[in-house]
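Spelled out from the first residue to the last, the chains are:
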Amino acid sequence: GAFSPLSISGLSAWWDASDASTITQSGGAVSQWNDKSGNLRHLTQGSVAKRPLINTVTINGLAAVKFDGTDDLMTGSSFIYNQGAASIFIVVKGAAQDTDRRILAEAHLVDTIPQYSFNDAPGTSSLATFFARNDANTVMINHGACGAVFTDFPKITSLIDSGSNLTAYLDGVQTSSTAYTRGTTSINVLAVGALKRPTETSFSSAAIAEIVVYDRALTTDERTSVESYLTNKWYEQVDVLFMLGQSNADGRGANGALPSTLSTFYNTDYASMMTYFKPAVRTAGTVNAGSFADDGEIYQLAKTHDTPTKKTHQVVGFTASDVPTQTASLHGAELGYGYYHYQSTPSKKLYIIKAAVGGASILTDWDMPSAGSSSLWAWFKTYIYTPWYADVVAKGQKPILKKIFWMQGETDADNGMSQANYETYLQQFITRCNSEFFATPQKIVIGGLSATYDTTDGLKIKAAQEVIAASNSNSTLLPTDGTGVDPAYALNVDLIHYSPQGLMDLANRLFLT
């Protein structure tokens, strides 16, 4: 069956704000938050004025418990430190406080000294810290490097305490690890949203979505299972399309000749459709690695570049001796793909990441199989993929790599590459695609060459594309020369690049493939 925290042994407590059956509330004010572990470690708040609110903040459409930062908290009996070891998972959304605000804290109702707590790190903006102090007033843990937890986006923190070492993870990535020595710590109260001692202090203004606690240090596989469960539940899932290759992936369709369907559609801005933009420069047909120093930026998918918020296409600069001159008025299949994606799932976000350079060879530019530091592959991974992925995760989104669209081969046909060599290089490309991204792509679509390349050398590349598509379970060939389910896609007058209508038809088939 489906994974839940109960799937792993040693579950001590589980508070899930999305489960309305565990919440007792009146007018949205929460008086009791029940433990789903079966251990009856319920959290309560008897004072109406100190009750946090449910449903004022949602995360990925699910309810969270929102604390006010003034006097809200919920309490229960302490148990975590006294287990001797623990694994704690917390899903929280809240802006940086720059002050000492507690998310989860065990302390003593009379003694101000002992503590075991997770909180906003004072004076460090969005960073979180873990703090533990024993009865002798010895600080056992002052672990200030749990990562940038407190942002405007949800974050998943994992804290694995073996009893002698505390290791922190943020969104599944280890942020730090600290060895420590345990001491006698007479704690007797647990608070969520604040620190409860002789007085109540350190009130958080965060929204807490879910807390899961185990009575032991989980294994790596167990930890990642819990993190995956929380990620899939609380992070917004977004579709992703990579468009890689050469000029027909980049696109040479004139924006002024957009099919009327697209022209009308893109008169409206769609915040759900985004593209990742990174300029590249070619000089005399050679990739200029020095131009790749700047990271890309995320922009809204649109039909023009007329404002900074509408840079949408992968722009390739050429020297005066290179033709054609690529300008901001050209597009590829991304506009049509965005249109068809929106018609299918209008509420779901789409990221199109395009990295393509006109005239690029799979051998000399993409540099298969080596993928050296000056290759287009390295440029794509370093300056496009890596910063884009970091940005998406920081926004509390879970990207789903629906497809990688590889549109390339014309240059290698022009250069007389053999079928066997192209098969080798294309297979290496697919192998890298299946192993070097955040997830294995659900599908790798190989765009076939147009009918213009029904030449001796062009047919070698086409044959290689067919062989590789057939020999990889997650790969498929999208013919563009009329040999597939559609007629040959329309070309520009150069008989090499697809026209605006051809690109829209290609996008439709790509979306359906």
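Everything numeric in this text was worked out from a predicted model, so none of it was measured.

Undergrad: In this structure, what is going on with the layout of surface pockets? I would like to understand it.
TA: Unfilled space is identified by rolling a water-sized probe across the atoms. Of the voids in this model, the largest pocket is the one considered here, and its volume is about 420 Å³. Those elements that place two or more of their residues in the lining of the largest pocket are α1 (220–234), α5 (376–394) and β29 (397–407). The residue inventory of the lining of the largest pocket, partitioned by class, reads nine nonpolar, eight polar and three charged.

Undergrad: Could you clarify how one ought to interpret the pairing of strand β13 (residues 155–161) in this entry?
TA: The two faces of a sheet get side chains in turn, since along a regular strand they alternate between them. For β13, a buried count of seven out of seven residues is recorded, marking the element as mostly surrounded by other parts of the structure. Residues Lys155, Thr157, Leu159 and Asp161 point to one face of β13 and Ile156, Ser158 and Ile160 to the other, with burial holding for every one of them. Sheet topology places strand β8 (residues 86–93) next to β13; seven bridges connect them, and they run antiparallel. Looking at β13, one finds that Phe89 is bridged to Ser158. Taken together, the five bridges between β13 and strand β14 (residues 165–170) define a ladder with antiparallel strand orientation. The partner of Leu159 across the bridge, within β14, is Ala168. Counting the residues between successive antiparallel strands, the hairpin from β13 to β14 contains three residues, one of them, Gly163, with a positive phi of roughly 105 degrees.

Undergrad: Sorry if this is basic, but what is going on with the pattern of salt bridges here?
TA: Opposite charge on two side chains makes pairing possible when the charged atoms of those side chains draw close. All chains considered together, the criterion is met by 21 salt bridges. Of the charged contacts in the structure, one is a salt bridge between Lys36 and Asp16, with a shortest N-O distance of 3.1 Å. Of the two residues, Lys36 is situated in the loop between β3 (29–33) and β4 (43–44) and Asp16 in strand β1 (residues 11–16); the sequence distance between them amounts to 20 residues.

Undergrad: Is there a simple way to think about the packing of helix α4 (residues 334–344) against helix α9 (residues 500–512) in this case?
TA: Pairs of packed helices are described in terms of their axes, by the angle between the two and the distance that separates them. Where α4 contacts α9, the two axes come as close as 8 Å, and the packing angle between them is 45 degrees. Between α4 and α9, the crossing angle belongs to the class labelled oblique. Handedness of the crossing formed by α4 with α9: right-handed. Across the interface between the two elements, Gly336, Tyr337, Tyr339, Tyr340, His341 and Ser344 from α4 touch Met504, Ala507, Asn508, Leu510 and Phe511 from α9. Residue composition of the contact of α4 with α9, by class: seven nonpolar, four polar and no charged.

Undergrad: I tried to follow the nonpolar core on my own but got confused; where do I start?
TA: Soluble, globular proteins show a tendency: their nonpolar side chains are buried together. Grouped together as the largest cluster of nonpolar side chains are 43 residues, with contacts concentrated most on Trp15, Trp33, Ile80, Ile88, Tyr116 and Phe118. In terms of residues, this core owes the most to one element, β8, which gives four residues. The residues touching Ile80, leaving out its near neighbours within four places in the chain, are Ala85, Ala86, Ile88, Leu104, Glu106, Tyr116, Leu190 and Val213. In this structure, Ile353, Leu376, Ile384 and Trp406 belong to the second largest nonpolar core, which totals 41 residues.

Undergrad: Please explain unusual backbone geometry as it appears in this structure.
TA: Excluding glycine, residues mostly carry a negative phi; peptide bonds, for their part, are mostly trans. Here the amide bond leading from Met368 into Pro369 is cis, since omega sits at 5 degrees, within 30 degrees of zero. Relative to the assigned elements, Pro369 resides in the loop between β28 (350–356) and α5. Of note in the backbone geometry, Ser202 takes a positive phi value of approximately 55 degrees without being a glycine. Checked against the element boundaries, Ser202 lands in the loop between β18 (200–201) and β19 (207–214). Since its relative accessible area comes to 15%, Ser202 is described here as buried.

Undergrad: What exactly am I supposed to notice about the side chain of Arg133 here?
TA: Relative to the helices and strands, Arg133 resides in strand β11 (residues 128–133). Of the side chains with opposite charge, Asp111 comes closest to the buried, unpaired Arg133, at an N-O distance of 7.5 Å. Polar contacts involving the side chain of Arg133 include one to the main-chain carbonyl oxygen of Ile113, which spans 2.8 Å. Once you skip the residues sitting within four places of it in the chain, Arg133 turns out to touch Thr112, Ile113, Pro114, Gln115, Thr138, Val139, Met140, Thr185 and Arg197.

Undergrad: I keep staring at the side chain of Ser450 and nothing clicks. Help me out?
TA: The residue Ser450 is located in the loop between β30 (444–447) and α8 (456–471) in this model. When residues no more than four places from it in sequence are discounted, the contact partners of Ser450 are Lys462, Thr480, Asp481, Leu491, Leu495 and Tyr498.

Undergrad: What's the story with α4 in this structure? I'm lost.
TA: Judged by how many residues are buried, α4 sits mostly within the fold: eight of eleven residues are covered. For α4, the full list of buried residues reads Glu334, Leu335, Gly336, Tyr337, Gly338, Tyr339, Tyr340 and His341.

Undergrad: What should I look at first to understand the packing of helix α7 (residues 419–433) against α8 in this one?
TA: Running from amino to carboxyl end, α7 crosses α8 at an angle of 40 degrees, the nearest separation of the two axes being 8 Å. The pairing of α7 with α8 is recorded here as oblique in orientation. When you trace α7 past α8, the crossing you get is right-handed. Here Gln419, Tyr422, Glu423, Leu426, Gln427 and Ile430 of α7 lie close against α8, whose contacting residues are Lys460, Ile461, Ala463, Ala464, Gln465, Val467, Ile468 and Ser471. Classifying every residue of the contact of α7 with α8 gives eight nonpolar, four polar and two charged.

Undergrad: How should the confidence of the model for the chain be read in this particular structure?
TA: Note: predicted coordinates in regions of low pLDDT should not be interpreted at a detailed level. Per-residue confidence for the chain gives a mean pLDDT of 85, with 86% of residues at or over 70. Below a pLDDT of 50 lies the segment residues 276–297, which in the model reaches 72 contacts outside its immediate sequence neighbourhood of four places, other chains included. Taken together, the stretch residues 305–327 has pLDDT below 50 and engages in 75 contacts with residues farther than four places along the chain or on a different chain.

Undergrad: How should I be thinking about the packing of aromatic side chains in this particular structure?
TA: Geometry of an aromatic ring pair is reported as the spacing of the ring centres plus the angle between the planes. Scanning the entire structure with this criterion turns up 23 aromatic pairs. On the numbers, 5.3 Å between centres and 80 degrees between planes, the contact of Trp366 with Trp406 is edge-to-face. Here Trp406 lies in strand β29 and Trp366 lies in the loop between β28 and α5, a separation of 40 residues in the sequence. Residue classification places Trp406 among the buried positions, given a relative accessible area of 0%. Aromatic pair Trp377 and Phe380: ring centres 6.4 Å apart, planes at 70 degrees, arrangement edge-to-face. Taken together, the residues Trp377 and Phe380, both in helix α5 and three residues apart, mark about one turn of the helix. When sorted by exposure, Trp377 lands in the same class as Phe380, which is buried. Ring pairing ties together the aromatic residues Phe242, Trp366, Trp377, Phe380, Tyr385, Tyr389, Trp406, Phe429, Phe437 and Phe438, which thus form one cluster. The ring of Tyr81 has Arg182 sitting right over it, with the charged end atom 3.9 Å from the ring centre.

How each quantity is defined
- Here the residue index of a chain counts from 1 through its sequence in written order.
- Note on the predicted model: pLDDT of at least 70 is required for a residue's local features to be given, and 80 or more for side-chain atom pairs to be given and counted; whole-chain, interface and lining totals, by contrast, use all residues.
- In computing side-chain properties, one takes all heavy atoms of the structure into account and sets aside hydrogens as well as water.
- Of the grid points, spaced at 1 Å and generated over the protein atoms alone, those admitting a 1.4 Å probe that cannot get out make up cavities, while open sets with protein on both sides within 12 Å along at least five of seven lines make up pockets; any residue with an atom within 4 Å of a point is treated as lining.
- Grid points are joined across faces, edges and corners, and a volume is the space filled by probe spheres set on the points.
- Strands here are runs of E lasting at least two residues and helices are runs of H or I lasting at least four, both read from the DSSP assignment and numbered beginning at the N terminus.
- Note on residue categories: nonpolar means Ala, Val, Leu, Ile, Met, Phe, Trp, Tyr, Cys or Pro, charged means Asp, Glu, Lys or Arg, and polar means any other residue, Gly included.
- When accessible area is computed with a 1.4 Å probe and restricted to protein chains, residues below 20% of their type maximum are described as buried, those above 50% as exposed, and intermediate ones as partly exposed.
- The rule for pairing is simple: two strands pair if DSSP sees at least two bridges between them.
- Salt bridges are counted wherever a side-chain nitrogen of Lys or Arg sits within 4 Å of a carboxyl oxygen of Asp or Glu.
- A fitted line through C-alpha atoms serves as each axis, taken over the contacting stretch for helices, and the angle formed by two N-to-C directions is quoted from 0 to 180°.
- Should an angle fall under 35 degrees it is called roughly parallel, over 145 degrees roughly antiparallel, and 65 to 115 degrees roughly perpendicular, with every other angle called oblique.
- Handedness of a helix crossing follows the sense of rotation of the near helix relative to the far helix, less than a right angle counterclockwise being left-handed and clockwise being right-handed.
- Contact criterion: two residues are considered in contact whenever any of their non-hydrogen atoms come within 4.5 Å of each other.
- To form a nonpolar core, buried Ala, Val, Leu, Ile, Met, Phe, Trp, Tyr and Cys residues must be joined to one another through side-chain atoms within 4.5 Å.
- Only four residue types enter the charge count, namely Lys and Arg as positive and Asp and Glu as negative; His and the chain termini do not.
- We call two N or O atoms a polar contact when they sit within 3.5 Å, provided that within protein one can donate a hydrogen and the other can accept it, with sequence-adjacent residues counted only if both atoms are side-chain atoms.
- Values of pLDDT, the confidence the predictor places in each residue, fall between 0 and 100.
- Any Phe, Tyr or Trp ring, taking Trp's six-membered ring, that has another such ring centre within 6.5 Å forms a pair; planes under 30 degrees apart are called stacked, those over 60 apart edge-to-face, and the others tilted.
- Note on criteria: charge over ring means Lys NZ or Arg CZ within 6 Å of the ring centre, with the direction from the centre no more than 35 degrees off the ring normal.

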